[in-house]
Amino acid sequence: MRERIYRTEAIVLRRSDFGEADRLLTVLTPHLGKLRLLAKGARKPTSRKAGHLELFTRTELLVARGRNLDIVTQAQTAEPHRALRDDLWRMSHAYYVAELVDRFSEEQSENALLYQLLSDVLDWICESSDLALTVRFFELHMLSLVGYRPQLYECPRCASSLEPVTNYFSAEAGGVLCPRCGEAGRGLRTISLPALKVLRYLQTRTYAQCAQLHLRLSTHAEIEELMMHYLVYTLESQLKSVEFLEILRRGGMTSPAE
Ligand SMILES: [Zn+2]
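Residues numbered from 1 in each chain as written. Predicted model: local features only at pLDDT ≥ 70, side-chain atom pairs only at ≥ 80, totals over all residues. Heavy atoms only, no water.

Asks: Any chance you could break down the packing of aromatic side chains for me, citing the residues and the numbers?
Replies: Given two aromatic rings, their pairing is described by the distance between the two centres and the angle made by the two planes. A complete count under the given rule lists 6 aromatic pairs for this structure. Residues Trp124 and Tyr207 carry aromatic rings whose centres are separated by 3.8 Å and whose planes lie at 10° to one another, so their mutual orientation is stacked. With Trp124 in helix 3 (residues 112-127) and Tyr207 in helix 7 (residues 207-210), this pair connects stretches of sequence that are 83 residues apart. For Trp124, a relative accessible area of 18% corresponds to the buried category. The class for Tyr207 is buried, based on a relative accessible area of 15%. Where Phe169 meets Tyr230, the ring centres are 5.9 Å apart and the plane angle is 80°; that geometry is what we call edge-to-face. (Phe/Tyr/Trp six-rings, centres within 6.5 Å; stacked < 30°, edge-to-face > 60°. Helix = DSSP H or I, 4+ residues; strand = E, 2+ residues; numbered from the N terminus. Buried < 20%, exposed > 50% of the residue type's maximum accessible area, 1.4 Å probe, protein only.)

Here is the structure:
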């Protein structure tokens with residue numbers, strides 16, 4: 001039988017008001033994946049839990065299993081990430097990474113490395129002198145941890161090693177295409193050699209190494225645009241596959257053998 005009460009560390013990804021005085025929380029945990037929890041009375045001024053359930057706080061929770069939603073019974077802050085609260089620009093980057101984690105992680109599916117990455121990136125955002133670089137590092141490592149690592153070394157169409165030239169980028173193919181395959185696919189965007197080198201570096205090095213990089217503004221703009229394109233494409237295809245699975249579950253598909 002499952003325990004009625006469990007203990008977990010968690011990072012608060014999202015909060016919304018619920019009922020008169022309660023809060024609905026979406027949190028990421030190291031071993032239980034993403035959870036939706038109810039914090040009863042958390043909006044009352046007298047609540048002892050409230051201060052320990054702020055957005056982006058790493059917190060120790062005691063949770064009681066509920067019929068629909070599990071309920072936070074105790075919370076104790078482990079890391080408040082206070083530097084975020086005094087700085088709107090840092091705060092907006094924290095919102096962005098929390099949103100990505102929310103969308104790319106699954107409920108009750110363990111991903112301890114993703115939890116560690118999120119915990120780290122919130123620390124980095126508190127201190128980073130190049131937030132765009134910090135966020136690009138996060139995006140590439142998150143994509144690897146959730147199974148969408150973009151291919152930056154071999155052309156995913158013809159498997160040839162990519163040459164140090166201007167290549168092409170295809171979100172659909174899952175990475176960087178060689179010039180031959182890239183020119184065959186109409187309307188694909190190019191990727192410059194400096195941008196490819198930076199993406200490879202970010203994908204394979206530690207954060208401490210990457211934090212030393214000084215990028216040109218044009219390279220920053222190029223990799224930001226490429227990553228945004230890839231993330232949007234990946235999320236959209238993921239959403240479609242979820243809808244597709246729903247259709248299958250409901251038995252609403254006509255037989256493909258016609
Ligand atoms: Zn190719």
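Asks: Quick one: what's the story with the coordination of the zinc ion, residue by residue and with numbers?
Replies: For a metal bound by four donors in a tetrahedral arrangement, the ideal donor-metal-donor angle is 109.5 degrees, while six donors in an octahedral arrangement ideally sit at 90 or 180 degrees. Taken together, Cys155 (SG), Cys158 (SG), Cys178 (SG) and Cys181 (SG) make up the full set of protein donors to the zinc ion, lying 2.3 Å away. If you look at the zinc ion, its 4 donor atoms make angles of 102 to 117° with each other, and the shape they trace is tetrahedral. In terms of primary sequence, the donors binding the zinc ion are separated according to C-x2-C-x19-C-x2-C. Here Cys181 lies in helix 5 (residues 179-184) and Cys155 lies in the loop between helix 4 (131-145) and strand 6 (167-170), a separation of 26 residues in the sequence. Assessed through its relative accessible area of 2%, Cys155 is described here as buried. (Donors = N, O, S within 2.8 Å, 3.2 Å for Na, K, Ca; no water. Tetrahedral: all angles 85-135°; square planar, octahedral: opposite > 155°, others 65-115°.)

Asks: Hey, could you go over the sheet that holds strand 5 (residues 70-79) for me, with residue numbers and the actual values?
Replies: Pairing between the strands of a sheet comes from backbone hydrogen bonds, and it takes one of two forms, parallel or antiparallel. Taken together, 5 strands build a closed barrel; the order of strands is 1-2-3-5-4 and the barrel is mixed. Within this sheet the neighbouring strands show an average axis-to-axis angle of 50°, counted without direction. Alignment of strand 2 (residues 22-28) against strand 3 (residues 34-39), held across 6 bridges, turns out to be antiparallel. Note that in strand 3 the partner of Val27 across the bridge is Leu35. Relative to strand 1 (residues 5-18), helix 3 is tilted by about 60°, and along the sheet it contacts strand 1, strand 2, strand 4 (58-64) and strand 5. (Pairing = 2+ DSSP bridges. Axes fitted to C-alpha atoms, helices over the stretch in contact; angles between N-to-C directions. Contact = heavy atoms within 4.5 Å.)

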